[in-house]
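Chain residues, written in single-letter form:
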Amino acid sequence: MSRIIGGVATTHVPSIGKAIADKKQNDPYWKPFFAGFDYVHSWLGREKPDIAVVFYNDHGLNFFLDKMPTFAVGAAAEYRNEDEGWGIPVSRAAAGDPALSWHIINALVADEFDVTMCQEMLIDHAVTIPMALMWPGGDWPVKIVPISINTVQHPLPSLKRCLNLGRAVGRAIKSYPADLRVMIVGTGGLSHQLDGKRAGFINKEFDQLCMDRLPSDPETLTRYSIHDLVEESGAQGVEFLNWMAMRGALTGHVREVHRNYHIPISNTAAATIVLENSEEPARKAA
Ligand code: DHB
Ligand code: FE
């Protein structure tokens, strides 16, 4: 049976791709952010996942406002990136695992999540930047199952719905007969707003509250409506929905093992978190 080993959530700001291309990881502006990935690299080196299930939001590369699925699951053997217009290099493609994708899709529909299934799907910076951050050498040792959540065109799914979507994905992974080590990724956030009167808006206090509650008490956060979330975290801070889905998929005992929070990267409060998931309760110190 497949095992869910844990989750990583991270911002996906496109300019990170430019910083990587220009090798600016140690520049004073970028270092506090990139240094937050040292732990992630050692965790991934130790845990050796086979699969990354990635909750993210597409920003107009694959889906546009004319057709916007609330939840879409990739079922392709390969996911390509294309020029998105951010002035960053086009990313390498990511390998898919269609058999696992279809298992998840079947389980979700049986569980009353009527997802859009995508046998072709371009992945945008919300997938490629986190992948490049987690595996900086350009060699990605995992296959991915991308799951896109609409955070762009209202009405958006609620925090509760995304937590429950994650839980359904977690149950699906655990019932998959192949012996795979699966990690869950949630991308985007934390607080930011790119447009309108509040462009540049960041809310550190609310971000801290979200990160504090997410590991052990994600349910508390479901009392925020989408409009509350826009108000507290900014119009694009709603990308936190991807973090909630990631947390939902960790169906065992969850422990936070790493956190980094840095303001600003571009217009965003940039956060990274690593959660471990185990089926056994953590042993108390003697
Ligand atoms: C930025 C943040 C995002 O989440 C995004 O998708 C694009 C740009 C930014 O802060 O620049
Ligand atoms: Fe974004």
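For the structure, see preceding data.
Residues numbered from 1 in each chain as written. Chains lettered and ligands numbered in written order. Predicted model: local features only at pLDDT ≥ 70, side-chain atom pairs only at ≥ 80, totals over all residues. Heavy atoms only, no water.

Trainee: Can you help me understand the site of ligand 1 in this one?
Mentor: Around ligand 1, the neighbouring residues are His-12, Val-13, Pro-14, His-59, Trp-86, His-125, His-192, Leu-194, Glu-239, Ser-266, Asn-267 and Thr-268. Between ligand 1 and His-192 there is a distance of 2.9 Å, counted from an oxygen atom to a side-chain nitrogen or oxygen. At 2.6 Å, a side-chain N or O of Thr-268 approaches an oxygen atom of ligand 1. In the complex, the protein chains occlude 95% of the 300 Å² of accessible area that ligand 1 would expose alone. Of the residues assigned to the shell around ligand 1, the class counts are four nonpolar, seven polar and one charged. (Near = heavy atom within 4 Å. Polar contact = N/O pair within 3.5 Å; in protein donor to acceptor, adjacent residues only side chain to side chain. Areas by Shrake-Rupley, 256 points an atom, 1.4 Å probe, with all protein chains shown as cover. Nonpolar A, V, L, I, M, F, W, Y, C, P; charged D, E, K, R; others polar.)

Trainee: Please explain the pattern of salt bridges as it appears in this structure.
Mentor: It is possible for side chains of opposite charge to pair when their charged atoms get near one another. Evaluation of the coordinates by the stated rule reveals eleven salt bridges. Salt-bridge contacts for Glu-279 lead to Lys-174; the nearest nitrogen and oxygen are separated by 3.2 Å. Residue Glu-279 is found in the segment after strand S10 (268-278), and its partner Lys-174 is found in helix H6 (residues 159-174); the two are separated by 105 residues along the sequence. Residue classification places Glu-279 among the partly exposed residues on the basis of a relative accessible area of 42%. For Arg-255, the salt bridge identified is with Glu-276, shortest N-O distance 2.9 Å. Residue Arg-255 is located in strand S9 (residues 253-265), and its partner Glu-276 is located in strand S10; the two are separated by 21 residues in the primary sequence. According to the relative accessible area criterion, Arg-255 is partly exposed, its value standing at 45%. Members of the salt-bridge network, linked through shared partners, are Lys-160, Arg-167 and Glu-219. (Salt bridge = Lys/Arg side-chain N within 4 Å of Asp/Glu carboxyl O. Helix = DSSP H or I, 4+ residues; strand = E, 2+ residues; numbered from the N terminus. Buried < 20%, exposed > 50% of the residue type's maximum accessible area, 1.4 Å probe, protein only.)

Trainee: Which parts of the structure should I look at to understand the packing of helix H7 (residues 204-216) against helix H10 (residues 240-249)?
Mentor: Describing two packed helices takes the angle between their axes plus the distance from one axis to the other. It is the contact of H7 with H10, at a shortest axis distance of 10 Å, that shows an interaxial angle of 20°. As the angle between them shows, H7 and H10 are arranged roughly parallel. Considering only the axes of H7 and H10, their crossing is right-handed. Facing Cys-210, Met-211, Leu-214 and Pro-215 of H7, the residues of H10 in contact are Phe-240, Trp-243, Met-244, Met-246 and Arg-247. (Axes fitted to C-alpha atoms, helices over the stretch in contact; angles between N-to-C directions. Parallel < 35°, antiparallel > 145°, perpendicular 65-115°, else oblique. Left-handed = near helix turned anticlockwise from the far one by under 90°. Contact = heavy atoms within 4.5 Å.)

Trainee: What is the right way to read unusual backbone geometry from this model?
Mentor: Glycine aside, residues mostly have negative phi angles, and peptide bonds mostly take the trans form. Cis peptide bonds are those with omega within 30 degrees of zero, and the linkage from Gly-189 to Leu-190 qualifies with -15°. Tracing the chain through its elements places Leu-190 in the loop between strand S8 (181-187) and H7. Following Ile-263, the chain continues into Pro-264 via a peptide bond in cis, with omega recorded as -20°. Residue placement: Pro-264 occurs in strand S9. Residue Lys-48 is not a glycine yet carries a positive backbone phi of 45°. Not every positive phi belongs to a glycine, and Glu-112 is a case in point at roughly 70°.

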